[in-house]
Amino acid sequence: MNNHQDIIFHPSRGNGSTGASDREVFTQFLATQTQDQINLMNRIASLANLKRAFKAVKRNKGAPGIDHMTVQQFEDHLNDNLNALQTSLINESYRPLAVRGVVIPKKDGKHRQLGIPTVKDRVVQQAIAQILSPLFDPTFSNAVYGFRPKRSAHDAIKAASAYVKEGYTWVVDIDLEQFFDQVNHDKLMSTLARTINDKGILKLIRRFLSAGLMQDGLVKVRGQGTPQGGPLSPLLSNIVLADLDKELEKRGHKFCRYVDDCNIYVASKAAADRVMLSITRFIKIRLKLKVNGDKSASDRVSNRQFLGFRLNREGEIALSSNTVVVFKDKIRKLTKRNRGINLNTLVFELNQTVRGWFHYFKLAQYPTILKELDCWIRRRLRCYKIKQRKRKYAIKTFLDAMGQTQQHSWAIACSRQGWWRKSLNQIVHRAMNREWFNALGLFSLHEQFIIHKSKTAVCDTARTVV
């Protein structure tokens, strides 16, 4: 092995900008070396890199592939498995298995095709991504935020908000139709070959691309597409769309891209219509991809959503209406009145969902909606608890224990109103008030928003919005 194979790139610990000093140093190093000198395959197949790749696969968990081997089973013989992988990668005998096809239905009646590789293939894909990402990431546009170190959807939304505040209040919202299923293999491989001269790696990636898709017991040969589910797919998606990013930069556009969702911000309707037409043509001819006509449009920013958020004409960040609908659907499934679990367990499950949702959408500047959602969730739980008691006497004794008079307790217990109507009654509210829910440990969206604003506010004091 040569002297360069142990060079390891560490992403910048700053704000994720591609102009970070360590990336510049690495890029300058690449400019003075050949791919053969760096010996990428040896770095990919090194035991240290494979062990790091397995740790990432284990951390992400995931279901087994077509060989039914679980992550735990792979770990039980970890050293033997990694040594075998190393040998097969170096002598170029490694052959990936077909991915296990899984279809995820979407609300519009269509479906999303996922492909679950075997654990071995996931480890190899992760090992490739760990070495190739530092090569390609410095070449990506600063306007690309998906699947990049130290970058997130929040950064994309903040950048979009800044563009709107500058006066770019019209958006060209581009959504690629079945992007991962439509990627042209020849186009992708030619793009990879511009940076990678190691034919062994190119052959290996090509094998992953052309590996079959097993579904309903049959293996289908794939001539295009990179099914979602493998660790290498995110990197390949950014590489495929790099030409689009360069074209947008060459034209001087303000844009944000997160995987296949691309928003281009312009100052007028005429400009938006013109850009929509020309970029759609570019994507079709140059990238050999299709733009989803149903989801793509040129419109005012306030009429479109991006990554679950909506921007008003002043650039303020809000929740999209669809985001609230989807969130409520999740809560309804968790709080179905026939689930048959105790309230403490339900609150624990609910907190996991609500807390995760809040930490993604806490950028929204409209706390009133969060307050309304809190009230609605508490009502769902009151309804669940009352329905759980079922019989009149059980409802009465529960309300008595919660400090209500016998007259009020019997009034609720004997009421002919439905469970949802009962949950709105003031007697039930007094019995299961906010303090009671706080004692149960129920996560409050509005209270957490106030805490979040108090921590992030500059020269301002957080105040409760009533």
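Just above sits the structure.
The residue count restarts for each chain, going from 1 along the sequence in the order it is written. Totals for whole chains, interfaces and linings use all residues, but because this is a predicted model, local features are given only for residues with pLDDT of at least 70 and pairs of side-chain atoms are given and counted only at 80 or more. In computing side-chain properties, one takes all heavy atoms of the structure into account and sets aside hydrogens as well as water.

Draft legend 1. Here's a closer look at the overall build of the protein. Numbering of helices and strands starts at the N terminus; helices are DSSP runs of H or I of at least 4 residues and strands are runs of E of at least 2. Per the secondary structure count, the protein includes 23 helices and ten strands. Buried positions account for 48% of the 466 residues belonging to the protein. Residues count as neighbours in contact if any of their non-hydrogen atoms are within 4.5 Å of one another. Within the protein, counting contacts between residues at least 6 apart in sequence, those at least 24 apart form 71% of the total. With the model as given, the accessible surface of the protein reaches about 23,500 Å², and the carbon-plus-sulfur share is 51%. For each residue, the accessible area found with a 1.4 Å probe, counting protein chains only, is set against the maximum for its type, and the residue is called buried under 20%, exposed over 50%, and partly exposed in between. The Shrake-Rupley method, run with a 1.4 Å probe, gives the accessible areas here. Residue values count only the displayed protein chains as cover.

Draft legend 2. Representation of the side chain of S161 within the structure. Within the secondary structure layout, S161 lies in helix α8 (residues 153-165). Residues contacting S161, with those up to four places away along its chain left out, are L311, G315 and I317.

Draft legend 3. View of the pairing of strand β3 (residues 170-175). Among the six residues of β3, six are classified as buried, and the element is accordingly described as predominantly covered. Neither face of β3 is open: one carries W170, V172 and I174, the other V171, D173 and D175, and all of them are buried. Examined bridge by bridge, β3 and strand β8 (residues 297-300) share four bridges and lie antiparallel to one another. Paired with V171 across the two strands is D299, which belongs to β8. Paired strands, as defined in this entry, are two strands with at least two bridges between them according to DSSP.

Draft legend 4. Highlighting helix α19 (residues 406-413). Within α19, the full set of buried residues consists of S409, I412 and A413. Each buried residue of α19 sits inside an arc of 100 degrees when the element is viewed along its axis, so together they form one side. Contacts from the buried residues of α19 go to α18 (392-401), α20 (419-422) and α21 (426-431). Each direction from the helix axis to a C-beta atom contributes to the arc, which is the arc of those directions.

Draft legend 5. The arrangement of the packing of aromatic side chains in detail. Each Phe, Tyr or Trp ring, with Trp reduced to its six-membered ring, pairs with another whose centre is within 6.5 Å; inter-plane angles below 30 degrees give stacked pairs, above 60 give edge-to-face pairs, and intermediate values give tilted ones. Taken as a whole and assessed by the stated rule, the structure comprises eleven aromatic pairs. Consider the rings of Y360 and F361, whose centres lie 4.6 Å apart with planes at 85 degrees: the pair is edge-to-face. Classification of Y360 by relative accessible area gives partly exposed; the value is 29%. Aromatic side chains W436 and F437 sit 5.2 Å apart centroid to centroid with 70 degrees between the ring planes, which places their arrangement in the edge-to-face category. Linked through ring pairs, F309, F327, W357, Y360 and F361 together constitute an aromatic cluster. Put simply, a charge is over a ring when the Lys NZ or the Arg CZ is close to the ring centre, within 6 Å, and near the line of the ring normal, within 35 degrees. A cation over a ring is seen here: R379 above W420, with NZ or CZ 3.8 Å from the ring centre.

Draft legend 6. Layout of the pairing of strand β7 (residues 261-266). Counted residue by residue, β7 has five buried out of six residues, so it is predominantly covered. Sheet topology places β3 next to β7; six bridges connect them, and they run antiparallel. The residue bridging D173 from the neighbouring strand is N263, located in β7. Note that strand β6 (residues 254-258) and β7 share five bridges and pair antiparallel. Paired with F255 across the bridge in β7 is I264. Connecting β6 to the antiparallel partner β7 that follows it, the hairpin turn spans two residues, and V259 within it adopts a positive phi of roughly 55 degrees.

Draft legend 7. Examining the environment of L445 more closely. Relative to the helices and strands, L445 is located in helix α23 (residues 445-456). Judged by relative accessible area, which is 0%, L445 ranks as buried. Between the alpha carbons of L445 and K371 there is a distance of 6.9 Å; along the sequence they are 74 residues apart. Excluding residues within four positions of it along the chain, L445 makes contact with F327, V354, W357, F358, L370, L373 and D374.

Draft legend 8. Region of interest: the sheet that holds β6. Reading across from one edge, β6-β7-β3-β8 is the order of the four strands in this open sheet, with antiparallel pairing throughout. Every interior strand has two partners, whereas the edge strands, β6 and β8, have only one. Across the sheet, the mean angle from the axis of one strand to that of its neighbour is 20 degrees, orientation sign disregarded. Axes here refer to lines fitted to C-alpha atoms; in helices the fit is confined to the stretch in contact. Angles between the N-to-C directions go from 0 to 180 degrees. Its contacts with the sheet place helix α14 (residues 269-285) against β3, β7 and β8, and it is angled at close to 20 degrees to β3.

Draft legend 9. The pattern of salt bridges, seen in detail. Note on definitions: salt bridges are taken to be side-chain nitrogens of Lys or Arg within 4 Å of carboxyl oxygens of Asp or Glu. Evaluated as defined, the whole model comprises 14 salt bridges. A salt bridge links K396 to D400; its shortest N-O distance comes to 2.6 Å. Of this pair, K396 and D400 both sit in helix α18, four residues apart, roughly one helical turn. Overall, D400 belongs to the partly exposed group, its relative accessible area being 23%. R434 is paired through a salt bridge with E447; the nearest N and O atoms lie 3.2 Å apart. Here R434, found in helix α22 (residues 434-440), pairs with E447, found in helix α23; they are 13 residues apart in sequence, far enough to count as distant. Through salt bridges with shared partners, a single ionic network connects K187, R194 and D243.

Draft legend 10. Molecular detail of the nonpolar core. Core analysis: the largest hydrophobic core is formed by 67 residues, its most contacted members being V123, L132, F136, I174, L192 and I283. With ten residues, helix α7 (residues 119-136) is the single largest residue contributor to this core. For this analysis, a nonpolar core means a set of buried residues of the types Ala, Val, Leu, Ile, Met, Phe, Trp, Tyr and Cys, connected via side-chain atoms within 4.5 Å. Core analysis: the next-biggest nonpolar cluster, separate from the first, contains 55 residues, A156, F361, A431 and F437 among them.

Draft legend 11. Region of the structure containing the environment of R339. Among the structural elements, R339 can be located in the loop between α15 (321-334) and α16 (343-361). Taking the C-alpha atoms as reference, R339 lies 9.2 Å from Y384; in sequence the two are 45 residues apart. Other than its neighbours up to four places away in sequence, R339 contacts K333, L334, L346, E349 and Y384. Pairs of N or O atoms within 3.5 Å make up the polar contacts considered here, provided that, within protein, one atom can donate a hydrogen while the other can accept it, and that residues adjacent in sequence are counted only when both atoms are side-chain atoms. Here E349 takes part through its side chain, which lies 2.9 Å from a polar atom of the side chain of R339.

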